[in-house]
Amino acid sequence: MPDLVSDAIGVVEGLAVAYMAILAIGLTGYILYRPKRGGVKASSFEIVVVSKADERVRKSLFETVRYHARRFGGVTLVVDEESPLLPELRRLGHVKLVVVPRWYRRDLVGKGRALNYFIENYVDREKWYVFIDDDNIILDDNFLYEIPYYESRGVFVGNGVLVPRMGRSKLAYVMDWARFLDDVTLYRFFTGLLGRPLLGLHGELLIVKGRVLKEVGFSYRSITEDFRFSVELVKRGYRTWQSGTRVLIKSPNSIADLIKQRGRWFKGVISDVKHSPLPMKLVVGFRAFFWSLVFTTSWAMLPAVLAAGIIWFILPAGLYYASAYLYGSYKAGEPVLVFTIPLFGLIEASARIYGLLAVRDFVVIDKN
């Protein structure tokens, strides 16, 4: 029995060191990185929305398309020929509609298939393309001032910062604030400070020069096409920046949808990381393993943490996500939600298990 206790304490101490290292990386990114911008505004760009265009996304899709058509003078919408909303979408003004034929590349799935068709047939090598999801709202135009600065320095890929907006589930909304925290810490370190997207990229506000799209493309079967795209960028040595622009994302409408969404991401990353170079494998693999372990054992290991006397090493790192959830509870206008925080680790762990066991294809959740 003493040996078991000693082993448990050793594991906890190792986790504490690893957790503190991740926290230090995130704080470094937050403190040291600020995106640069030039004195002129990019003019050769296109806002592109890729959507399944069915009833599950009707409200968010029309809101997104109309908002960006007004704000930026037009928007490109890429949908499948079999999309149920296609007849209605044809009547929208200031929208360039790109319809993916049903016969095109049936070996590809989800957004990746639509993106690849768009790149093969419509992308101009010298133009910039700004990809957003069908529930996104771009909050500012900082990225248009950043494009000339980074282009002049040979950087052709950027990514925005995600900010949740309320869906029908306040719990899911609170949990989504962890994505914002990750963006301004860990992703800011890799995508921005290092200029190497070793943790991946978001499909929301993905800013890419046409020539890079033509070279890299999306001609690979993946249920997380944005992560796989980042794998290909790292393999080819492309550098990135993190934009100062923030983009609103619709939080899942239920915990069940959140589990489906997170499960797809986890399954996709685990499936695609094998194609990445070693540094990316190490970063992604370590984070995926460590986060999963923390989510599933944090409460179970509390006695060992106390016995080891390292609660003060664990506490700052534990406050990393707790602070996001506390802020999310405040933004939701429901301070009582702080008492649900202990459940979030179980939900995240459930999503990973669901992803590994149940996810087989691209998953579209309700965004209305």
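Higher on the page you've got the structure.
1. Details of the sheet that holds strand 8 (residues 240–250)
Taken in spatial order, the eight strands of this open sheet run 3-2-1-4-7-6-8-5, and their pairing is mixed. Of all strands in the sheet, those with a lone pairing partner are strand 3 (95–100) and strand 5 (137–138), marking the two edges. Of the pairings in the sheet, the one linking strand 6 (residues 157–165) to strand 7 (residues 206–209) comprises three bridges and is antiparallel in character. Within strand 7, the position partnered with Asn 159 by the bridge is Leu 206. Relative to the sheet, helix 6 (residues 170–194) contacts strand 6 and strand 8, its axis offset from that of strand 6 by approximately 160°.

2. Comments concerning the packing of aromatic side chains
For the structure on display, the rule yields 19 aromatic pairs. Ring geometry for Tyr 149 versus Tyr 150: centroids 5.0 Å apart, planes at 80°, classification edge-to-face. You can call Tyr 150 buried: its relative accessible area is 8%. The interplanar angle of 45° and the centroid separation of 6.1 Å between the aromatic rings of Phe 218 and Tyr 220 together place this pair among those described as tilted. Taken as a pair, Phe 218 and Tyr 220 share a single burial class, namely buried. Taken together, the ring pairs in this structure connect Trp 103, Tyr 104, Tyr 117, Phe 118, Tyr 122, Tyr 129 and Phe 131 into an aromatic cluster. Lying across the ring of Phe 156, Arg 211 places its NZ or CZ 5.2 Å from the centre.

So, how was this worked out
- Residues numbered from 1 in each chain as written.
- Predicted model: local features only at pLDDT ≥ 70, side-chain atom pairs only at ≥ 80, totals over all residues.
- Heavy atoms only, no water.
- Pairing = 2+ DSSP bridges.
- Helix = DSSP H or I, 4+ residues; strand = E, 2+ residues; numbered from the N terminus.
- Contact = heavy atoms within 4.5 Å.
- Axes fitted to C-alpha atoms, helices over the stretch in contact; angles between N-to-C directions.
- Phe/Tyr/Trp six-rings, centres within 6.5 Å; stacked < 30°, edge-to-face > 60°.
- Buried < 20%, exposed > 50% of the residue type's maximum accessible area, 1.4 Å probe, protein only.
- Lys NZ or Arg CZ within 6 Å of the ring centre and 35° of its normal.

Just geometry here; none of it tells us what the structure is for.
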